[in-house]
Amino acid sequence: MLNMVVGVKWVPDTADVKFDPAKGTLIREGVESIINPPDLNAIELALSIKEKYGGKVYVISMSPPAALKGLKIAIAMGADKAILLTDRRFAGADTLATSYTLAMAIRKIGSYDIIIFGEETIDSATGHVGPEVGEILGISHVSYIKRILNIDLTSKIIELEREVENGVEVYKSKLPIVVSVGVGVNNPRYPIPIRRLHAEIETDKYIEIWGLSNIDAELDRIGLQGSPTRVIKIIAAPTVQRRMEVFQYSKEVLNLMVKRLRECEVL
Amino acid sequence: MIIQREHFIMVPEWAILILYISVVFSLIFTLYGVYRRFSIYRIHNYGLLLSTLRKKTSLVLQSELRLLRERYGGLMHTLIVVGLAILAVGTFLVFFEYDILMRVNPNYRILTGSIYLVYEFILDLAGGLLLVGLIMVIIRRIIFKPNRLENRVEDIIVPFLLLYGGLSGFILEGLRIATKGLQHTQSSFIGYIFSISFLNMNNIEKIYLAIWISHALTLVVTLPLFIYSKLRHFPLFFISPPYSVYEFKPSFNLSEVLKSKKIDFKVGLESIDALNWSQRVNIDACVNCGRCQDACPAYRANIVLSPKAIIQKLRESMVKGICNVVTDLALHESEIWACTTCGECVITCPIFINPLNYILESRRYLVTNLGKVPTSALFNIMVRGNPYGLPRSDRRNWMRDLNVNYAKEDEEVELILWIGCAGAYDSRAQKIAKSLVLLLNKLNVKFAVLKEEECCGELARRLGDEILFQEIAERNIETFRKYRFKQIVTLCPHCYNTFRNDYPDFNMKLNVKSHVELIYDLVVNGKIRALSPLNKIVAYHDPCYLRNYNEILIESRKILKSIPELRTVEISKHFCCGGGGGGNWIESEGVRINVQRLEDFIRDNPDIIATACPYCVSMFEDALKLKDLEGKFEIKDLCEIVCSGLR
Amino acid sequence: MVEFSGVCVYIEQRRGIIQEASLQLLGEGRRLADKLNVNLMAFMIGYDINSIINEPIYYGADRVVYIDDEIYRYYNVEVYTQVLVELLLKYRPEIFLVAGTKYGRELAPSIAARLETGITADCTGFDIDESRNLVQIRPPFGGRVLAYIITPIKRPQIATARPNVFPAPKRNIDRKGEVICENVSIKKPRLELVEFKESGDKELPIEKAEVIIAIGRGLSKSDYHLAYELCKVFSNSAVGCSRPLVDQGLMPRSKQVGQTGKTVRPKLYIAIGISGAVQHIAGMKDSRYVIAINKDPNAEIFKFCDFGIVGDYKEIIPELIKVLRSKH
């Protein structure tokens, strides 16, 4: 029996988020949120481990209450239980404060063997939370893993594989461990519709809502005050002005193209 | 000499007795079969049974016409049906005269004088038709052997038995004529031909008796075959409801479930127990004729799926009492997902069986209960409101440079244009959407689009997620209720069918028109006229969801006819492009349905393959790429052709 | 307590070869150090790295602190974190920069969590504000915006930087600096590297390529070889693709350019049969020069290219290969 905890973020669908250059803010109104895509791969990994080795899958998310919708999807995929960490005092957290809060909540769950995160979120794309949670809990962590090779249930030793730029690494560690996975390492299963309906109707049975009072966290390490970093401004990313010379194909056009490539020192 | 029917001539009393006894046994055996069958069917609503009987009787002709779509097989069946029907009536008349009238008074007779001569003529003719039909059956079974037919034991026994029955009847008649002399041969004209060879025969009485007994026994055996063999399709035809493509209905109402907070329903065809009695009767009526298989695009391409096999497998497990449909019975997942839901099998079946419904119900079971679906399209719909998984905000990209207004909640609008996911996201279909808008602008037709537009739910329903479908439907219906409009026009036949045939189940009756109907109206009322000539050969491919689901075929052709100089070619047989029922999103192994369909068209070498569905267009465009024929043929939506002809 | 001072760059080496991205950071580190008027330091960890310990100095560092021991032969996040935390506590730089390789992006947050300090990931620009804070500029939300982030109180200020954004400084072997060999004692790690399989002669990953030939749905499956042939004309080139090809299983995910795939910034990006959906543009918009080939003159991609050719790729590519071969 393995206890798995999957961290899930309910993120605005960044593809729909537009930037208001006048106000210098992101326009989030009317933008639907989604489960951070690699987190689906994390859930899938947890479920496949559960299928092979047995165990329980918890999903945890530090998000506003609207994230309930996402947690129901996680339940529908097959997670046993979901915990929504929501409290105004959690707001404004950077990756360190988020990781601390998540780590304290995971500690509260009690026994955990494998903690799985998506390797990064589509909105902030830091990839920090996995390693930071691992360090805060004082357990092993490996990012960018590709697959689990073996788990020895008696000695509680896990063997896993990950890919780096110049090769493949195989690691071994005693449980518990934190791992993070990316999009494409597996195919997340479709959330079982009837289970989603069950989660909708009997939400309390599947999803617990925790606030600050439910976890043992130090106040100065959560939320904005627990965050060492500050965002001071946001600007629209400058776009490269393209030349946009478009021609109907002819052989001369290719010569012109080579000329342009020379002019721009590309060739 | 009196011309009348002579009963049981040359047959001794004991033989007649044997006949009566065996008829009684045969009847008991048949009734026992009926009882057994009915316990398999679990019929409980006899009122419905009666109304079905009325409805189906009126469909006999239509059924026969469906059979006649295939000349040989249809003719063969008609000959046998007519022959058998007349012989049955004739035999009944004999029974009525001999066993009822003549028991009352030996002089009461019907089959006498010229009536008898006409009777003899008609019966001889009927026997002849039957024999020709049966010989056609045997020739087809043994010599032509079309692919779709398997020769099971009953497929051989039944025609030979009937053939023997018919032949022996004529032999007996011939022997009678030969013994009694050549009287009124003008009416028993076939019997006469047989009699010629018997004229100088010895021992005629003994031979006659032997053949008479075998003939009588043939009939005795044939009766129970109408319940024990595939001949049961004849009685079952009349009591099984005629299923159409619209049979696929919601099995629960989501908003009611959410209100009552009770999930006490089953979704999909998990086990044979989920079949109701009328479906059971319907399935049992299948004779394995395979017309549906010939019509199935997935079968034609890869033989993974045969609607016939689906029904036969269901039938077998129903009879054997095997329970779990998808696992035990081996309705294989690959079969279930190979279906394009084109509905061709449904509209082809001469006895109105609906294989599609069971495929879709199996999908419902697999997806709704187990989440097993071989494409991410459903997840994309759930998360981003379109099967492509593209951002919600991209839905407006197609209309960036166009003059398109959003409907306002406080203003009534004549016409709402519903573009659908393909028109909004697929780069090829975006062009169709643009053409339609240009066309409407040029003709000064006022319209608006809905800013809330998202997926119509069609794909969710056909892929088996009824819950997602109903969530989407409820959302869209709420949107529709916010606005006031006279009609809604769809660019995509799939949206069209969903609005027209599925949304009414959720109390939303829309005045929905497909863009084909809209353009047709504009042609008819003269708004579209004086189109520029187009000197091209155009072959039209019917989108299944217009043709098979909504019977829109004539309109498209009339639109094409309204274009000067344009010549059309008709492709004889309709097949799906492969894009329906999720086909656009499910990778298939082997031969692609769209490539095969394209090949149907390029044989006639048209300049343009026209259609009226964004899925069809994209399937054909893909097929052109796969066949390396890009640029050789144009794939166009009707509205693109019309739009470019507007001056 | 000693004040935090100085800029430090972690120099990542694998098997005795310093990662290009680390050298690039030395240039940026130098600039920041000069602005703050402090020293630039470099940390290096490895085994048998004597031959390369002077390299950071050649690229602009004032001081190199290194640790050389058998146990550091291979990277292990747990071991390296311990070592770097020790070094950071001892040398107390105010800024610690790490190249955003996979190792760096795993290592840096581990260190930050141990030191309970701030960290910013994947920076594409740095600056120093009036309070001598490091301004860390990074592109969240799929690169649509740039966020300016500071770590006002906690030190060191840790950041990872996106590879290939900053130019590597010129190597100058006449530069002199201090080289310190350190030794720290570490706890036995729970995590153990069992095996490292170095990938052999594999194709160049697209994020490293200088020239990318990107193919999309407009290309027939049977014509992918054309893209590979064109690719061979250039050195340091790779074939990439748009998302539909990956979704259809025609290309591996590692080759996908775009929001859900990889972000690339090659010198030359040639898009063939790509319509130009926004999520694709997001992944390639920082390319230096973009060529688009598409048969549809209205394709979106033409709005995001420097040079566009409307026509049939089957004609264009072979001709293009000829022209490039003759003039290259």
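Residues numbered from 1 in each chain as written. Chains lettered and ligands numbered in written order. Predicted model: local features only at pLDDT ≥ 70, side-chain atom pairs only at ≥ 80, totals over all residues. Heavy atoms only, no water.

Some thoughts on the overall build of chain A
Consideration 1: When helices and strands are tallied, chain A shows seven helices and 15 strands.
Consideration 2: Along the three orthogonal principal directions, the C-alpha set of chain A runs to about 70 × 45 × 40 Å.
Consideration 3: Looking at chain A as a whole, 60% of its 267 residues qualify as buried.
Consideration 4: By sequence separation, contacts in chain A at least 24 residues apart represent 70% of the contacts at least 6 residues apart.
Consideration 5: When the accessible surface of chain A is summed, it comes to about 10,700 Å², and 51% of that surface belongs to carbon and sulfur atoms. (Helix = DSSP H or I, 4+ residues; strand = E, 2+ residues; numbered from the N terminus. Buried < 20%, exposed > 50% of the residue type's maximum accessible area, 1.4 Å probe, protein only. Contact = heavy atoms within 4.5 Å. Areas by Shrake-Rupley, 256 points an atom, 1.4 Å probe, with all protein chains shown as cover.)

Quick notes on the domain arrangement of chain C
Residues and elements named next belong to chain C.
Consideration 1: By domain assignment, chain C separates into domain 1 (7–181) and domain 2 (206–327).
Consideration 2: The C-alpha centroid of domain 2 is placed 34 Å from the C-alpha centroid of domain 1.
Consideration 3: Between domain 1 and domain 2, the contact holds six residues from the first and six residues from the second.
Consideration 4: Carbon and sulfur atoms make up 35% of the area that domain 1 and domain 2 hide from each other, which totals about 440 Å².
Consideration 5: In terms of surface lost to domain 2, no three residues of domain 1 exceed G142, R162 and N164, which account for 62% of the buried area on that side.
Consideration 6: The interface formed by domain 1 and domain 2 contains zero salt bridges.
Consideration 7: Taken together, the links from domain 1 to domain 2 amount to zero residue pairs in polar contact (both at pLDDT 80 or more). (Domains from an automatic or database assignment. Buried area = accessible area lost by both parts, 1.4 Å probe. Salt bridge = Lys/Arg side-chain N within 4 Å of Asp/Glu carboxyl O. Polar contact = N/O pair within 3.5 Å; in protein donor to acceptor, adjacent residues only side chain to side chain.)

Section: the environment of G182 of chain A
Residue and element names in this part refer to chain A.
Consideration 1: For G182, the position within the fold is in the loop between β12 (177–181) and α5 (193–201).
Consideration 2: C-alpha separation for the pair G182 and K146, spaced 36 residues apart in sequence, amounts to 7.9 Å.
Consideration 3: If we ignore the near neighbours within four places in the chain, the residues touching G182 are P38, N41 and E119.

Some points on the side chain of D129 of chain C
Residues and elements named next belong to chain C.
Consideration 1: With respect to the element layout, D129 can be found in the loop between β8 (125–128) and β9 (134–138).
Consideration 2: Among the polar contacts made by the side chain of D129, one reaches the main-chain amide nitrogen of S131 at a distance of 2.9 Å.
Consideration 3: Setting aside residues no more than four positions away along its own chain, D129 makes contact with V135 and I150.

Describing the packing of helix α4 (residues 71–104) of chain B against helix α5 (residues 113–144) of chain B
All names here are of chain B.
Consideration 1: Two numbers describe how α4 lies on α5: the axes approach to 8 Å, and their chain directions differ by 145 degrees. Like other packed secondary-structure pairs, α4 and α5 cross with a definite hand, here left-handed.
Consideration 2: Here the contact of α4 with α5 is built from residues that sort into 23 nonpolar, six polar and one charged. (Axes fitted to C-alpha atoms, helices over the stretch in contact; angles between N-to-C directions. Left-handed = near helix turned anticlockwise from the far one by under 90°. Nonpolar A, V, L, I, M, F, W, Y, C, P; charged D, E, K, R; others polar.)

A few points about helix α4 (residues 129–137) of chain A
Consideration 1: Of all nine residues making up α4 of chain A, nine are buried, and the element is well covered by its neighbours.
Consideration 2: Count one or two residues on from α4 of chain A and you reach G138 of chain A, which has phi positive near 70 degrees.

Examining the nonpolar core
Consideration 1: The biggest cluster of nonpolar side chains holds 237 residues, and the ones touching the most others in it are I114 of chain A together with F43 of chain C.
Consideration 2: The biggest single contributor to this core is helix α3 (residues 77–91) of chain C, with nine residues.
Consideration 3: The residues touching I114 of chain A, leaving out its near neighbours within four places in the chain, are L2, N3, M4, V5, I49, I151, I158, L175, I177 and V179 of chain A.
Consideration 4: The next biggest cluster of nonpolar side chains, apart from the first, holds 39 residues, and it includes I213, L245, L268 and V323 of chain C. (Core = buried A, V, L, I, M, F, W, Y, C linked by side-chain atoms within 4.5 Å.)

With respect to the interface of chain A and chain C
Consideration 1: Opposite the 83 residues of chain A that make contact, chain C presents 80 residues.
Consideration 2: Between chain A and chain C the total buried area reaches about 7,200 Å² when both faces are included, carbon and sulfur atoms providing 59% of it.
Consideration 3: Between the two partners, chain A and chain C, sit nine salt bridges.
Consideration 4: With a closest N to O distance of 3.9 Å, K197 of chain C and E161 of chain A form a salt bridge.
Consideration 5: Applying the counting criterion to the chain A and chain C interface returns 41 residue pairs in polar contact (both at pLDDT 80 or more).
Consideration 6: Of all the secondary-structure elements, those providing two or more residues to the side of chain A that touches chain C are α3 (95–109), α4, β9 (140–152), β10 (157–164), β11 (167–174), β14 (230–236), β15 (245–248) and α7 (251–263) of chain A.
Consideration 7: Its residues assigned to classes, the side of chain A that touches chain C shows 43 nonpolar, 17 polar and 23 charged.
Consideration 8: Bridge count between β11 of chain A and strand β13 (residues 192–198) of chain C: six bridges; the pairing is antiparallel. From the neighbouring strand, Y171 of chain A faces β13 of chain C, where its bridge partner is L193 of chain C. (Pairing = 2+ DSSP bridges.)

Structural notes on the packing of aromatic side chains
Aromatic ring pairs are reported here in terms of the distance separating the ring centres and the angle at which the planes meet.
All names here are of chain B.
Consideration 1: Inspection of the entire model under this criterion finds 34 aromatic pairs over all chains.
Consideration 2: Pairing W585 with Y615 gives two aromatic rings, centres 5.6 Å apart and planes at 75 degrees, and the pair type is edge-to-face. With W585 in the loop between β5 (567–569) and α27 (593–602) and Y615 in helix α28 (residues 614–626), this residue pair connects regions lying 30 residues apart in the sequence. Accessibility assignment for this pair places W585 and Y615 in one class, buried. (Phe/Tyr/Trp six-rings, centres within 6.5 Å; stacked < 30°, edge-to-face > 60°.)

Structural notes on the interface of chain A and chain B
Consideration 1: Each side of the interface is counted separately: chain A has 18 residues, and chain B has 26 residues.
Consideration 2: Contact with chain B buries surface across chain A, with Y190, L197 and I201 of chain A losing the most and accounting together for 34% of the total.
Consideration 3: Where chain A packs against chain B, one counts two salt bridges.
Consideration 4: Note that R384 of chain B and D13 of chain A form a salt bridge whose closest N and O atoms lie 2.4 Å from each other.
Consideration 5: Among the elements that take part in the side of chain A that touches chain B, α5 of chain A stands out by supplying seven residues, more than any other.
Consideration 6: Residues that form the side of chain A that touches chain B fall into these classes: 11 nonpolar, one polar and six charged.

Some thoughts on a nonpolar patch on the surface
Residue and element names in this part refer to chain B.
Consideration 1: A cluster of nonpolar side chains, namely I135, I139, I142, I143, F144 and F160, defines an oily patch on the protein surface of about 550 Å² accessible area.
Consideration 2: If you tally residues by element for the nonpolar patch, the top one is α5, at five residues.
Consideration 3: Along the chain, I135 turns up in helix α5. (Patch = residues over 30% accessible without salt bridge, like charges linked within 9 Å, V, L, I, M, F, W, Y side chains within 5 Å.)

Describing the packing of α3 of chain A against α4 of chain A
All names here are of chain A.
Consideration 1: With their axes 9 Å apart at the nearest point, α3 and α4 run at an angle of 55 degrees to one another. With respect to their mutual orientation, α3 and α4 come out oblique. For α3 against α4, the interelement crossing comes out right-handed. Along the contact surface, α3 presents T95, L96, S99, Y100, L102, A103, M104, I106 and R107, while α4 presents V129, E132, V133, I136 and L137.
Consideration 2: Residues of the contact of α3 with α4, tallied by class, amount to 10 nonpolar, two polar and two charged. (Parallel < 35°, antiparallel > 145°, perpendicular 65-115°, else oblique.)

Things to note about the sheet that holds strand β3 (residues 512–514) of chain B
Residues and elements named next belong to chain B.
Consideration 1: One open sheet accounts for three strands, arranged β1-β2-β3; its pairing is parallel. Two strands close off the open sheet at either side, each with one partner strand: β1 (413–418) and β3. Neighbouring strand axes in the sheet, compared pairwise and without regard to direction, differ in orientation by 25 degrees on average.
Consideration 2: Across three bridges, the pairing between strand β2 (residues 485–490) and β3 is parallel. Across the sheet, the residue bridging to I488 is V512, located in β3.

Description of the state of the cysteines
Residues and elements named next belong to chain B.
Consideration 1: Tallied over the entire structure, the rule returns zero disulfides over all chains.
Consideration 2: No disulfide involves C292; its nearest neighbouring cysteine sulfur is the one of C289, lying 6.3 Å away.
Consideration 3: Here C292 falls in the buried class, since its relative accessible area comes to 12%.
Consideration 4: Between C296, a free cysteine, and C342, which holds the nearest cysteine sulfur, the sulfur-to-sulfur gap is 6.5 Å.
Consideration 5: For C296, a relative accessible area of 6% translates into the label buried. (Disulfide = S-S within 2.5 Å.)

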